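Listed below, chain by chain, are the residues.
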Amino acid sequence: MEKLTSFSLVLILANLSFGQYYDQNVTEQSFENSGLFFKKQSLNTLGVSKFKNVAVGLVDEPFLNLQLNPARLPKLGDKKTYTYLDFRGDRTESEVSEISYGSYGNDALYSYSLPYYNPKWYDVTREEPEPVFSLGILSYPFGDKLMIGGSYQVTYKNEDFYQVPSWIYYEKYGVDSFGNAAVDAEFNGPITDVSLGNDELTTKSHNFNGFLGFNLSERISLGASLNLLKHSREGNYLDVNNQPYDTYYDQESKYYNEESRDLDYNHFDLNTGLEYKFTDSFLGGISIGYLKGKAEQSHFDADSSLYKHNEENIDDEWSLSYNRRSQDQDWTHDGKSYYGGLNFEKKINDKQTLKGYYKFTNRNIDLENSSTIADTNYYSSRYYGSWDSTYYEYFSKSSTLDKRSGDGTRKEKLHELMLAMDFQVTEKSSVTAGFYVKQKNNEINSSEPVSANRSSIYQNYWSNNGQQENLSVSENKTLEWKYKVDYLSIQIPILFKFKFNENWSTTIGVNRILNAWEVEDETIAYFTNKTETQNGQTTTQTNFAERYKKPTQTITEDHTDVITKLDVKVSENFGIGLLVDPEFKDEFRIAQWWLSFTANF
């Protein structure tokens, strides 16, 4: 009985490497989106997680004003140059960690369920690491008419590799290519990592902004900004195991797992604006912009394993398991964004100022992708049952070959509105309160021709008894995927500023956020033909369709974030700021910090 138990464990291990093919999802659903893609990237001096959307138009700061309208030129008084430098700490946890990070390597042996499906995945995926440093310079080199400037941010971060959910093809241990259970048991034994290879992910990014502005008169100013972004991410994971499970048997065990994911993204963004001062207390502005970008992404996954116990068909007892899987995917997103906005500022009296803006963005992105998936599994065994003096033989083999390529479009329409009021409460204290609304419609349409073949053979023999099951499926189809999300964000930020003396001041910020998504997700598979052969019986279907429609889902989130900033005026022309973003979820912690320096000369 002890020998049978050991053999059962070997049988389980031999089948733990089967993959499952999730056939009615398109390749585009595995694309890893980013908050950088096809969006203007400027130097945001209050860009911590829950404040970055409301900072522009709320805080009076030179680089934030230029992001609002490139014609909003800074007032430097008798100085010619303004400089800004900051060092930022990354947030201690990702905004989408529950979506984008998953198990990898041997940890995946404990995963027996589908990857977590989050309907927001295709709209909100990954937040990128913070820049190593941010530097900005604005200057009037020839008097107060012409302003030139620029900013530069560099990101470089090395971290552990991770796996994004792959909705087409995912690891589910203990099943064959059709999702049938190969072993009705669980493996609870110890797992030893004998040799680990690469486990890294490197993100590099260069973000440059150039500014040019003219004060044509006391009432009219013109401005333009140019944003160039180059972003890349390369990651790979390698796990190698080449040690026998048990030296009691004449056996060998090999395991190899490799996964890599690469990304290159760049864009060109030009923005121009005009501001006109209608009266001494009221000004208005208009700006328009154009962005052209391209994202290229690839994913490769290979998993080969070999287990051997004695020689097949030679020794009295044996077991042999061989599994080989590979996946190769590529995506290209090529798109454009057109945007424009109106802004105003009205000074009501010496203590109150009303300000705001409206911005509209229209994005059109062309999608292309391709995917090749191959999976082969083989298992054979024979053992002697001493309880009934019978030899038992098992044989199983399954395979999957899936080739597909697709294209489509992604269209986004975005509306943003901000209203804010500045209150000078006392000589040493002020309050700024705002109301921000973002409404976005995102629609993805993808068409993907697919050629897929799957087969499975199972045989079981003992004494004069036995059973056999054969199944093969061949299909040619086109998958039409439509994804639509309506997103609404309402934010109410309030900033309290207290001035202790001429050199020390502090700011406390509170932002109340409500986010809501309404998601529609539908796939229709148009089959040209589908042939299924089971135990010698063949059926063929032609020209039919199947619809896979998820129920419309409404998701809401609400947050309240608090930040504090301490400003120290070291001298008349030099200042230091420390911005801290605490969180109070399970326990108090500092989620993020920024250290900034400003100078005028």
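A short tour of the structure in this document, coming up. (Residues numbered from 1 in each chain as written. Predicted model: local features only at pLDDT ≥ 70, side-chain atom pairs only at ≥ 80, totals over all residues. Heavy atoms only, no water.)

### Re the overall build of the chain
Here's step 1: The helix and strand inventory of the chain stands at three helices and 18 strands.
Here's step 2: Counting across all 601 residues of the chain, residues that qualify as buried make up 48%.
Here's step 3: Contacts in the chain between residues at least 24 apart in sequence constitute 76% of all its contacts with a sequence separation of at least 6.
Here's step 4: A total of about 28,700 Å² of accessible surface is found on the chain, and carbon and sulfur atoms cover 53% of it. (Helix = DSSP H or I, 4+ residues; strand = E, 2+ residues; numbered from the N terminus. Buried < 20%, exposed > 50% of the residue type's maximum accessible area, 1.4 Å probe, protein only. Contact = heavy atoms within 4.5 Å. Areas by Shrake-Rupley, 256 points an atom, 1.4 Å probe, with all protein chains shown as cover.)

### Considerations on the nonpolar core
Here is a general trend for soluble globular proteins: nonpolar side chains tend to be buried in one another's company.
Here's step 1: Membership of the largest hydrophobic core comes to 29 residues, with the highest contact counts inside it found for Phe37, Tyr265 and Tyr483.
Here's step 2: Not counting residues up to four positions away in its chain, the partners in contact with Tyr483 are Pro119, Lys120, Tyr122, Asp123, Asn442, Glu443, Ile444, Val519, Glu520 and Asp521.
Here's step 3: If you look at the next biggest cluster of nonpolar residues, it comprises 28 residues, including Val48, Phe63, Met418 and Ala420. (Core = buried A, V, L, I, M, F, W, Y, C linked by side-chain atoms within 4.5 Å.)

### Let's talk about unusual backbone geometry
Here's step 1: Its identity is not glycine, yet Phe38 carries a phi of approximately 60 degrees, on the positive side.
Here's step 2: With respect to the element layout, Phe38 can be found in the loop between β1 (20–21) and α2 (62–68).
Here's step 3: Residue Phe38 is classed as buried on the basis of its relative accessible area of 2%.
Here's step 4: Of note, Asn543 is a non-glycine position whose phi angle comes to about 50 degrees, a positive value.
Here's step 5: Within the fold, Asn543 resides in strand β16 (residues 537–571).
Here's step 6: The class for Asn543 is exposed, based on a relative accessible area of 65%.

### Some points on the pattern of salt bridges
Pairs can form between side chains of opposite charge once their charged atoms are near each other.
Here's step 1: Applying the stated criterion across every chain, the model contains 26 salt bridges.
Here's step 2: Residues Arg404 and Asp402 are paired through a salt bridge, measuring 2.9 Å at the closest nitrogen-oxygen approach. Comparing Arg404 with Asp402 shows no difference in burial state: the two are buried. (Salt bridge = Lys/Arg side-chain N within 4 Å of Asp/Glu carboxyl O.)

### Quick word on the pairing of strand β13 (residues 429–462)
Here's step 1: One ladder, built from 32 bridges, connects strand β12 (residues 390–426) with β13; its direction is antiparallel. The partner of Phe395 across the bridge, within β13, is Gln459.
Here's step 2: Remark: two residues form the turn of the hairpin made by β12 and β13, two consecutive strands paired antiparallel.
Here's step 3: As paired strands, β13 and strand β14 (residues 465–499) are joined by 32 bridges and run antiparallel to one another. Residue pairing in the sheet places Tyr436 in a bridge with Gln491 of β14.
Here's step 4: The antiparallel hairpin formed by β13 and β14 contains two residues in its connecting segment, where Ser463 sits at a positive phi of about 50 degrees. (Pairing = 2+ DSSP bridges.)

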